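# Architecture and fold: a report
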Amino acid sequence: MKKTIIIYRSKTGFSQRYAQWMAEELGCRAVPFQDRGAVRLGEYDTIILAGGLYAGQMAGLNWLAKRLPDLAGKRIAALAVGCAPMDTPDLGESMDKLFGPLPQLRGFYCQGGLDYARMGAVDRAMMAALRAALRRKKDAQAMLEGISHSFDGARRENLSEILDWARQG
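I will try to describe carefully the structure that is included in this document.

Thresholds applied
- Residues numbered from 1 in each chain as written.
- Predicted model: local features only at pLDDT ≥ 70, side-chain atom pairs only at ≥ 80, totals over all residues.
- Heavy atoms only, no water.
- Axes fitted to C-alpha atoms, helices over the stretch in contact; angles between N-to-C directions.
- Helix = DSSP H or I, 4+ residues; strand = E, 2+ residues; numbered from the N terminus.
- Parallel < 35°, antiparallel > 145°, perpendicular 65-115°, else oblique.
- Left-handed = near helix turned anticlockwise from the far one by under 90°.
- Contact = heavy atoms within 4.5 Å.
- Nonpolar A, V, L, I, M, F, W, Y, C, P; charged D, E, K, R; others polar.
- 1 Å grid on protein atoms, 1.4 Å probe; cavity = no way out; pocket = protein on both sides within 12 Å on 5 of 7 lines; lining within 4 Å.
- Points joined across faces, edges and corners; volume = space filled by probe spheres on them.
- Buried < 20%, exposed > 50% of the residue type's maximum accessible area, 1.4 Å probe, protein only.
- Arc of directions from axis to C-beta.
- Core = buried A, V, L, I, M, F, W, Y, C linked by side-chain atoms within 4.5 Å.
- Pairing = 2+ DSSP bridges.
- Right-handed = clockwise from strand over helix to strand, strands pointing away.
- Salt bridge = Lys/Arg side-chain N within 4 Å of Asp/Glu carboxyl O.

## A word on the packing of helix α1 (residues 14-26) against helix α6 (residues 160-167)
Any two packed helices are characterised by the angle at which their axes cross and by the distance between the axes. Closest axis-to-axis distance for the α1/α6 pair is 11 Å, and the angle between their directions is 40 degrees. In terms of orientation, α1 lies oblique with respect to α6. Seen from above, α1 lies across α6 with right-handed handedness. Contacts between α1 and α6 involve Met22, Glu25 and Leu26 from the former and Ile162, Leu163, Ala166 and Arg167 from the latter. Here the residues of the contact of α1 with α6 are counted per class, giving five nonpolar, no polar and two charged.

Here's what the structure looks like:
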């Protein structure tokens, strides 16, 4: 297998867990985002960024996007980790909006979860505001129930698609 690196940006641990699982499966390193400066991306054939999905934006994606011109010829993927189930009807459209402007990379999604105990105060406040807004919408009760408490939806088998892609390299 060619040389692969995984860089992850994780606030509550779900992206980190997925990155570690991928590293085990692919026999490569998973590096925390804060240590990315020590990684020479040019030395790798396959680069995977894993990051949390917050209000439609993926943590770390702007950083990777700025480096794409220097990574021509590399296989590059981004794994967005969010709290929505993998079979959410609008998920494909959301991923197209997120990754569509970056045709140089392959985008993937995996459900993570919510861990209110590990969230910072700003994130908890944003989630409280979202819950308040959803309470006013009659057609949003399922979503409200889904984000009203901590849960763990991360499953190793959710990685099958990105692992297949990485192994094809």
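We are not done yet, so read on.
## Let's talk about the layout of surface pockets
Empty space among the atoms becomes visible once a probe the size of a water molecule is rolled across them. Considering only enclosed or pocket space, the largest pocket measures out at about 1,200 Å³ in volume. Considering the residues around the largest pocket, the lining is formed by 40 residues, among which Leu53, Ala55, Cys83, Ala84 and Met143 are closest to the centre. For the lining of the largest pocket, the elements supplying multiple residues, two or more each, are α1, β3 (46-54), β5 (75-82), α3 (91-99), β6 (106-111), β7 (113-114), α4 (121-135) and α5 (141-146). With six residues, the top contributor of residues to the lining of the largest pocket is α3. Residues of the lining of the largest pocket, tallied by class, amount to 21 nonpolar, 14 polar and five charged. Reported here for the second largest pocket is a volume of approximately 250 Å³. Taken together, 16 residues form the lining of the second largest pocket, with Met95, Gly107, Phe108, Tyr109 and Glu161 sitting closest to its centre. Of all the secondary-structure elements, those providing two or more residues to the lining of the second largest pocket are α3, β6 and α6. Within the lining of the second largest pocket, the residues separate by chemical class into 12 nonpolar, two polar and two charged.

## Details of the environment of Ala128
With respect to the secondary-structure elements, Ala128 resides in helix α4. Remark: the alpha-carbon pair of Ala128 and Thr12, spanning 116 residues in sequence, is separated by 17 Å.

## Some points on α6
For α6, the set of buried residues is Ile162, Leu163, Trp165 and Ala166. The arc that holds the buried residues of α6, viewed along the axis, is 160 degrees, so those residues lie on one side. Turning to α6, the residues buried within the fold contact α1, β3, β5 and β6.

## A look at the nonpolar core
Residues Ile5, Ile7, Leu41, Met58, Leu61, Phe99 and Leu105 are the most contacted members of the largest nonpolar core, which totals 25 residues. Elements with a contribution of two residues or more to this core: β1 (4-9), β3, α2 (61-67), β5 and α3. Dropping the residues within four chain positions of it, Leu61 is found in contact with Leu49, Ala78, Leu98, Phe99, Leu102 and Leu105. Counting residues in each nonpolar core, the second largest holds 23 residues, with Met22, Ala23, Leu163 and Trp165 among its members.

## Overview of the pairing of strand β2 (residues 29-32)
When β1 meets β2, the two strands line up parallel, connected through four bridges. Looking across to β2, one finds that Ile6 is bridged to Ala30. For the crossover that starts at β1, traverses α1 and ends in the parallel β2, the hand is right-handed.

## Concerning the pattern of salt bridges
Tallied over the entire structure, the rule returns seven salt bridges. Of the charged contacts in the structure, one is a salt bridge between Asp152 and Arg17, with a shortest N-O distance of 3.0 Å. A residue pair is termed long-range when its members are at least 10 positions apart, and Asp152 in strand β8 (residues 151-152) and Arg17 in helix α1 qualify at 135 residues. Since its relative accessible area comes to 35%, Asp152 is described here as partly exposed. When the shortest N-O distance is used, the salt bridge between Arg167 and Glu25 registers 3.0 Å. Linking Arg167 in helix α6 with Glu25 in helix α1, this pair joins segments that are 142 residues apart in sequence. Overlapping salt bridges bring together Glu24, Glu25, Arg156 and Arg167 as one network.

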